[in-house]
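# Examination of the molecular architecture
One letter stands for each residue in the lines below.
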Amino acid sequence: MMDDIEGRYIVSGDKFSITVGGQTHFSDGKARYEIYDDIKEVVIDKADLSQSNVLSNPARAFEFAPDEFESELQEPVSGGGTYDVVRLVPLKGGYAAGTVIYLYVDKTSSLPGKIVYNYDGETVNITIDKITPLNKVDKDIFTFDASKYKDYEIIDFR
């Protein structure tokens, strides 16, 4: 059984920022930065915007284009509210084989409350506790400032 890990996810177009488990991963849309505070390391690589896999391009974690998925409405479920559940199966590449995504939409607010990614038996549950409008978020969150990481090893694969 996996422990719950709190985190933060922010996305704006091709830019994203994820903070979870003592790690920060973000992209300015051109480069992808992975910051590991525990080992004082920054890994920089090119952003691959063509990927639709949530692990490779988190900017698309909540982007479910109708031409990329077969969708099916499941039975409503309860659990802290009543949700409509949409089962999404990718139609083509970009996702690992056997991927199925379940999107839980709150019937009252029409906002997503949970997303479950099932990668061929491995499951990632994302519970959405709060949605904040992007205009309330510091835009510098998508910018790498090397001066903040003077004591870190910087590995650049670009």
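Higher on the page you've got the structure.
Residues numbered from 1 in each chain as written. Predicted model: local features only at pLDDT ≥ 70, side-chain atom pairs only at ≥ 80, totals over all residues. Heavy atoms only, no water.

A word on the pairing of strand β8 (residues 99–106). Every regular strand shows the same layout, with side chains that alternate between the two sheet faces. Counting buried positions over the eight residues of β8 gives six, a clear majority of the element. The pairing of strand β7 (residues 82–90) with β8 spans six bridges and is classified as antiparallel. Bridge assignment links Arg87 to a residue of β8, and that residue is Tyr102. As defined by bridge partners, β8 adjoins strand β9 (residues 112–119) across seven bridges and the pair is classed as antiparallel. Counterpart to Leu103 in the pairing with β9 is Ile115. Linkage of β8 to β9, two consecutive antiparallel strands, is achieved through a turn of five residues, within which Ser110 is found at a positive phi near 65°. (Buried < 20%, exposed > 50% of the residue type's maximum accessible area, 1.4 Å probe, protein only. Helix = DSSP H or I, 4+ residues; strand = E, 2+ residues; numbered from the N terminus. Pairing = 2+ DSSP bridges.)

In this section: the nonpolar core. Counting nine residues, the largest nonpolar core consists of Phe26, Ala31, Tyr33, Ile35, Val42, Ile44, Phe144, Tyr149 and Tyr152. Here this core takes three residues from strand β4 (residues 31–36), the largest share from any one element. Within the second largest apolar cluster, seven residues are counted, among which are Phe69, Leu88, Ile101 and Ile115. (Core = buried A, V, L, I, M, F, W, Y, C linked by side-chain atoms within 4.5 Å.)

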